[in-house]
Every structure is written in C-alpha cells, then in structure tokens.
Amino acid sequence: MASEDENEEKPKNFYEFELDDRILKGIAQLGWLEPTLIQEKTIPLLLEGKDVLIRARTGSGKTAAFIIPLIQKILMSKMTQAKQEIKGLVLAPSKELCRQIHDVVVSLTIKCHREVNCLDVSPQVELSAQKPLLAEKPDIVVSTPGRILQHLKANNLNFKRSLDTLIIDEADLIFSFGYEDEVKQLLSFLPTIYQAVLASATLSEDVLTLKKLVLHNPATLKLEEPPLAPPSQLSHYTLAAEENDKAAVLYALLKLHLIRGKSIIFVNTVDRCYKLKLFLEQFGIPTCVLNSELPASSRCRAVTQFNSGTYDIIIASDEKSLEEPYAVKQKKGKRRKDKESGVARGIDFQFVSNVINFDFPLDVNSYIHRAGRTARGKNQGTSLNFISLRERALFQEVENELKKSYSHEKVFKTYEFKLEEVEGFRYRSRDAWKAVTRIAVREARLKEIKQEVINCEKLKSYFDDNPRDLQSLRQDKALHTVKLQPHLRDVPDYIVPPSLKRLIGFGKRKRKFNREAAASGATAAKSKYQARASNPLISLSIPKK
C-alpha cells in the first residue's frame, strides 16, 4: 500500500507545462515560484484547446491561469502566421480590471513584447483616437463589452476570421454591471469557432447563462475551497464600537502603530469616503480615496499610488449600487456613477496586510469580496470589523454563513480595545469628526473633480487656447476645507497608557517609509510587506485594572 507521501501530488513547476522560454523568464521576473492550484489545473486544459469555466476565489491566480496559455498559443501561431492578426479578446466589467489584465500581459511578455502586443481600449477617449492603434491589429485586445462593441459597430476592427480565443473575466459581474445586451450583440461579430474561457469567483445564474452563450462542451474547474483564505492565513476580528467611537478607535489604532502594513478601509457610501479622509488628514495620516464617482483615470491612479507605496492607506466605498445597478435605475439621483467601476471586486490591490470594515458590509458576498483583498496567494492578512449595535444583525448573518465553510466553531475573534484607557484620543477625535461637516465633504469632492478637469488630457488643448478658464478653476471661491491644526499630528506622551508604551515601544524613533524601495517596483514592495510578522494586526488586549 502506498504511503500518504507517495499519493500526495507535488506542486508542478511552470517549466513542466512546456511553455516558451520567454514566458518562463517573464514568470521568473515576477517572482512566481510555482503555479497556484487553479493555474496548475487550468493551463494544461487551455493549451489543449478546451473551453473552460473557472471558478476560484479572489487571489487564487485566475488572471495568469488564462493569460499564460493565451500568450503561449500566440507565440506558437507566430511560427506559421503569414500576417499580423488579432488573436485574443479579453473582456472585463470595469476599466480598472482591464488595466490590471493589460499590466499582467505586459509583465508576462517582457521578453517577447515585440512578438506579442496587447492593447487596452477601455479608457473613455474618442474612438477615433484608438482606431489607428486597432488598425495595427494587436495580438490581444482588452476591453469592457460596451467599449469593444462601439469599435465593432464603427468598423474600427474586424476579427471575424482571425480571433481564436475569447476570455471573460469576473463573469458573474458582466450582467450585473448591465452588459447583458452588449454581450449578446458582441457574439454576432465573433467567428463561428473559437476557444472560450469564463473566469469567476462564483457560479451565479448569470454565469450559467453566459456559459450557455459562449462555451461549447466546457471543462468546469471548481476548486473545493472556502470562499476566503483559511484562518491560519486570514484572521478575522470584531471590535465593538458605536458610531461616535469608530473614528476615535481608528485614530488610536493608526497613531499608536497597532495596525501595520498596507490597509484598505471600507465604508458604505461616497460621502463617508471623504469624511473619513478629511478626518484622518487632521492627524497627519495621508490617505487616498476610491469610489465609483471618480473618473476612471483617477481610480486607476489611486490604485497605482497605493500599490507603489505612495499611500499605505486607501479608503474605498463599496456602494450596494455597484452590485445591483438595476436598482439604481428605479431611484433618481443627481450623482452620476460609472457602471464600469468596481471596488470590492477584482481590483488587484497588492500586498494588503489589513482590511478594515469601518462600516460593516451589507451582505455576506460583500464581506467575502472585501476580506478577499488581503491574504492573497500565500501572504498573511487580517480583517478588522467595527461593529455597532445596529450592525449586529448583519454581522451575525455573515458569521453564520462563514461557519458553514469552515470547520472551526468560531471564525471571528474579539479584538479587545478599551477606549476608556485612551480617553485623550477620544477627546481629540470628537472635535475632529465634528469639524468634517457636510459642506466640507461636498467641497472636498468638488475640489477633486476640478483637479481631474485640470489634469484631463482632452481639455489640455482647450486650456492652452483659453488660459483664463483654467485660472478660473484654479482661483475659484475659497473652499470650506477643514482647518488643519499642526499640534494634532503628534501624539503627546501623556495620553498614551503605560501598558501601551511598553507593548509598542512608544517614544522610540519611528521607522521612516522607504520610498526608494517602493519605487523600485513590485519586488521591493513585496519584500517590504511580506517581511512583516505573521499577523499584521497587533493582537492587543489592554490589561484590565
């Protein structure tokens, strides 16, 4: 009888897939040591030419699982290909995801970029500006369904005879983002025979509908795994705090360095994004914001700055409307949201140590997708959840659902934090929170929009011809910004409890952020944040008196 060690399959290496050496060099440069489970199962099937439905949780490596075989197929076809043609079309529901996929292709083709070129047409520029780029027939086109359909209808491209691979990423969001009609129209522009891939975090009804539309006798890869990383890798904490105390707790945790590494703070509305940002700014805590009302270029810039280490904290709104856009149509509102924006889903936030739910998510799926931003790959992560009395029911629903996925009786641990021990922080935060009025929030949002207008490339030539209009934007009426008081940046020694001083070494010289290391690329960022202790959130239990 074979032993357990003999029966257990050893993880494959990328070279065992018989990939082109240029792809292997790109993989090595990215620092990927071995394929993830979904990559190990998917890559051989795609190389054999099968249609595949991939279901795996966020952070499992789905993007590389379908991009690597696509690049391999293109390199192989180049050996006999007589002319340049569009071979692969990758669809994603949001501009951020399109850019992320494009970046993965660029990274993997670093040693063969002359042979395999990729074009992302999702940015909302004039169609005529992208037409000459499409005329060069890039090997891979990345787009949202709506954008590629516009180009097809404008006769800016035609891949009826050349396309051999269609990939739809985050397939469960394609219909919920309102792309059902676009996808059905798009099928008429595709060739009769092509290889198709659907990748999704869930197997919803929308995914099954898409499966019938685009897949032919597919292999279904559904990893039997919990929706989130195991408790040994991802720790879930709850912290009881009423609405008036949430800001004080967050301020204390950040200024006392009890939260280490890069963090995403989730709130439930756009206004809360800016209120929290303005609140933290008063204490000298720099953050950037991410929400559906920002232009695509601003959102992509925020993600890039966060990933590169310019900011260690990003505040993201995860509006319910992003997941149920059809509900928005029934409700009239003045604010325009971008349906091609998604925050909790899909976006590749790199090396996130902590997810902080300042506002508890509105349902189980939202919690899973938020918490899935951390503990990706083999990295450690934490999910810290502020729970007010009115959020207890939502929390209980999430806890009951997660218990079904894990054998552990208790998924969530209590993060003990006695706010009365740091009364000085509460006193300071109360005034700072009140200082962020509705007018201050509105003006902050207006200021960001104006800045985006100034930075907009499309208006650059207009402002060159009309400099007075640019000045009117720069010298508009005084904004009702929150008054910054320099003394709030520092934490006086007398408001820190003695027990905390010993625990965190308060008063010692602070480690400066190494921007040069962050700027040197993903490898430096990876080494910086993976070198943390096993748990990025210090498990703090203030001794009771």
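Quick caveat, the model's predicted, so the values are computed rather than measured.

Undergrad: Quick question: what am I supposed to make of the sheet that holds strand β10 (residues 288-290) here?
TA: In a beta sheet, neighbouring strands pair by backbone hydrogen bonds and run either parallel or antiparallel. Taking strand neighbours across the sheet as the criterion, the 7 strands line up as β10-β11-β9-β12-β13-β8-β14 in an open arrangement whose pairing is parallel. At either margin of the open sheet sits one strand with a lone partner, and together these are β10 and β14 (412-414). Going from strand to strand, the sheet's axes swing by 25 degrees on average, the running direction of each strand aside. Across 3 bridges, the pairing between β10 and strand β11 (residues 313-317) is parallel. Paired with Leu290 across the bridge in β11 is Ala316. Seen against the sheet, helix α11 (residues 243-255) touches β8 (234-240), β9 (262-267), β11, β12 (352-357) and β13 (381-387) and runs at an angle of roughly 150 degrees to β13. In the packing of helix α17 (residues 392-405) onto the sheet, contacts are made with β8, β13 and β14, and the angle to β14 comes to roughly 130 degrees.

Undergrad: What exactly am I supposed to notice about helix α10 (residues 205-214) here?
TA: Each α-helix winds once per 3.6 residues, and so residues spaced three or four apart point in a common direction. Of the positions making up α10, those classed as buried are Val207, Leu210 and Val214. Around the axis of α10, the buried residues are gathered within 60 degrees of arc, so they sit on the same side. Within α10, the exposed residues directed more than 90 degrees away from the buried face are Glu205 and Lys212.

Undergrad: I would appreciate a short explanation of the packing of α11 against helix α12 (residues 270-281) in the present structure.
TA: Packed helices, taken two at a time, are described by their axes: the angle between them and the distance between them. Packing of α11 against α12 brings their axes to within 11 Å, and their N-to-C directions diverge by 50 degrees. Put simply, α11 runs oblique to α12. At the point where α11 passes α12, the crossing takes the right-handed sense. Residues Glu243, Ala247, Leu250, Tyr251 and Leu254 of α11 touch α12, and the partners they reach there are Arg272, Leu276, Phe279 and Leu280. For the contact of α11 with α12, a count of residues per class yields 7 nonpolar, no polar and 2 charged.

Parameters and conventions
Residues numbered from 1 in each chain as written. Predicted model: local features only at pLDDT ≥ 70, side-chain atom pairs only at ≥ 80, totals over all residues. Heavy atoms only, no water. Pairing = 2+ DSSP bridges. Helix = DSSP H or I, 4+ residues; strand = E, 2+ residues; numbered from the N terminus. Axes fitted to C-alpha atoms, helices over the stretch in contact; angles between N-to-C directions. Contact = heavy atoms within 4.5 Å. Buried < 20%, exposed > 50% of the residue type's maximum accessible area, 1.4 Å probe, protein only. Arc of directions from axis to C-beta. Parallel < 35°, antiparallel > 145°, perpendicular 65-115°, else oblique. Left-handed = near helix turned anticlockwise from the far one by under 90°. Nonpolar A, V, L, I, M, F, W, Y, C, P; charged D, E, K, R; others polar.

In short, shape yes, function no, at least from these values alone.
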